[in-house]
Amino acid sequence: MELFTFSYFLPCLYAFVGCVAFAVSFNIHGREIPISALGGAVGWLVYLLSAPWFPGEVVRYFLASLALTAYCEGMARVRKCPATSYLLISIFPLVPGAGIYYTMEYAVHGETALFLQQGMETLSLAGALALGILLVTSIMRMWTLFCRRTRRTSAQRR
Amino acid sequence: MSINYDQLLDLATELGFRLMETGAEIYRVEESVQYILRAYGVETGEVFAIPNCLIVSLTDTAGHASTRVRRIPAHGTDISLLESYNEFCRNIVQSPPPLEEALKRMEAISARHFVYPFPVMLLAYFVGGGAYSLFFGGDWTDGICGGLCGVAIGLCLRLLGPLGANSFVRTMAAGAVAALCALVLVGMGLGHNPDFITIGALMILVPGIAFTNAMRDIMAGDLTSGVNKVVEALLIATAIALGTGFVLSLAPAV
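Residues numbered from 1 in each chain as written. Chains lettered and ligands numbered in written order. Predicted model: local features only at pLDDT ≥ 70, side-chain atom pairs only at ≥ 80, totals over all residues. Heavy atoms only, no water.

- The name that an unreviewed UniProt entry assigns to chain A is Threonine/serine exporter family protein, with the source organism given as Pseudoflavonifractor hominis.
- What UniProt states about chain A under its Sequence similarities (unreviewed entry) heading is, verbatim, "Belongs to the ThrE exporter (TC 2.A.79) family." (UniProt positions renumbered as here; feature names shortened; annotations may be inferred.)

Shown next, in the form of structure tokens:
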């Protein structure tokens, strides 16, 4: 597809570099820095890849947040760290920080219509991200509980 | 074993307080405190946390209730410290040591804690601001300018910090400095798109993560915390918008 050119995917690299920098400013050390920054690139990659099939921004943000939370939860299990430390960095490129800023900028300038429009958009994007994170983390929690319980019952039977 | 309930309450509250100061989520703080109390055999413990307050209460075997309240000051995010306290909590719950030893171990964590030196932080701001200027669609000159604006933000925050400036004022000043830098750099012909430069550098200040976490809290049922954080995020964004807006409105006059 001619949509998927090199320059189309270049933002993933920028997201990665930006995440490395913000990982340092959040005081992450050592090998966790590239691992958490990779999550940011993964999220943005999913966002870009899903473009031809899902035209809606909100759905694409939701998909990206599902993917990157799954990545973070997986890494948290491999590295025996809380998933939050990866999640906080990985979500950075997706997070509607610019959206909130523009929203309040419109408010300060007194442009009510634009303020409402931008505000709603920011709210739905943040909501999509939060929903994605919440879904994956609760499924992972239920899965661990389920595994623990089945292990316990099979141990009792023996 | 009879335990000193006051000391236990101290330990649990202090751990909750410190976790909160590292920027841990509300549910993590509440769960950790609850686990610690249970590890020492207190089933009647209650904990309630919102972003700027922590309340821990327990009833001892004699039926005497004690409560401790801690107010949480403004804080940043320190993930390595969060991980250390999380691990500490897990170790304590698995095999509870005597209370004195637990307190001593907690002190040791904060004593050997490593923070990046300020120049490294500035470098991080440079790279971060630059990378996000490129990310939002700027060309490479915009990237460099975004990085320089990021450094300016870092310096501004650092200078105003010891002066005890209110965080609203500090954010406003940092936003103004970023916009001013962007305008000057574009005026000198270094950068091309002041919009991309400013928004890239402002990613350092912008409360995107706070806002998303607020939505997570709300969906998870921590309504008070969520609403609290939404208001905080909007306030920060307003401060930035006021700062940049002030500079940008002056620009045509010059």
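**Here's the deal with helix α5 (residues 118-135) of chain B**
Then step 1. Helix length check: α5(B), at 18 residues, gives a terminal C-alpha distance of 25 Å against a target of 26 Å (1.5 Å per residue), a fit within 8%.
Then step 2. Taken together, the buried positions of α5(B) are occupied by B:M121, B:L122, B:A124, B:Y125, B:G128, B:G129, B:G130, B:A131, B:Y132, B:S133, B:L134 and B:F135.
Then step 3. Structurally, α5(B) contributes buried residues whose contacts are with α1 (6-25) and α2 (32-49) of chain A together with α6 (140-160) and α8 (194-202) of chain B.
Then step 4. Taken from the residues just after α5(B), B:G137 is the one with a positive phi, measuring 115°. (Helix = DSSP H or I, 4+ residues; strand = E, 2+ residues; numbered from the N terminus. Expected span 1.5 Å × (residues − 1). Buried < 20%, exposed > 50% of the residue type's maximum accessible area, 1.4 Å probe, protein only. Contact = heavy atoms within 4.5 Å.)

**Description of the packing of aromatic side chains**
Then step 1. Evaluation of the coordinates by the stated rule reveals twelve aromatic pairs over all chains.
Then step 2. Here the aromatic rings of A:F22 and B:Y132 are separated by 5.7 Å at their centres, their planes lie at 50°, and the arrangement is tilted. Taken together, the residues span two chains, with A:F22 in helix α1 and B:Y132 in helix α5. The same class applies to A:F22 and to B:Y132, which are both buried.
Then step 3. Arranged with centres 5.4 Å apart and planes meeting at 45°, the rings of A:Y101 and A:Y102 form a pair that is tilted.
Then step 4. On the basis of relative accessibility, which here comes to 4%, the residue A:Y101 falls in the buried class.
Then step 5. By way of ring pairs, the aromatic residues A:F22, A:W44, A:Y47, A:Y61, A:F92, B:Y132, B:F135 and B:F136 are connected into one cluster.
Then step 6. If you follow B:R70 out to its NZ or CZ, it ends over the ring of B:F17, 3.9 Å from the centre. (Phe/Tyr/Trp six-rings, centres within 6.5 Å; stacked < 30°, edge-to-face > 60°. Lys NZ or Arg CZ within 6 Å of the ring centre and 35° of its normal.)

**What to know about the interface of chain B and chain A**
Then step 1. Contacts between the two partners involve 51 residues from chain B, matched on the other side by 47 residues from chain A.
Then step 2. Connecting chain B to chain A are one salt bridge.
Then step 3. For B:E31, the salt bridge goes to A:R141, with nearest N and O atoms at 3.4 Å.
Then step 4. The interface formed by chain B and chain A holds twelve residue pairs in polar contact (both at pLDDT 80 or more) in total.
Then step 5. Tallied by class, the residues present in the side of chain B that touches chain A amount to 34 nonpolar, eleven polar and six charged. (Salt bridge = Lys/Arg side-chain N within 4 Å of Asp/Glu carboxyl O. Polar contact = N/O pair within 3.5 Å; in protein donor to acceptor, adjacent residues only side chain to side chain. Nonpolar A, V, L, I, M, F, W, Y, C, P; charged D, E, K, R; others polar.)

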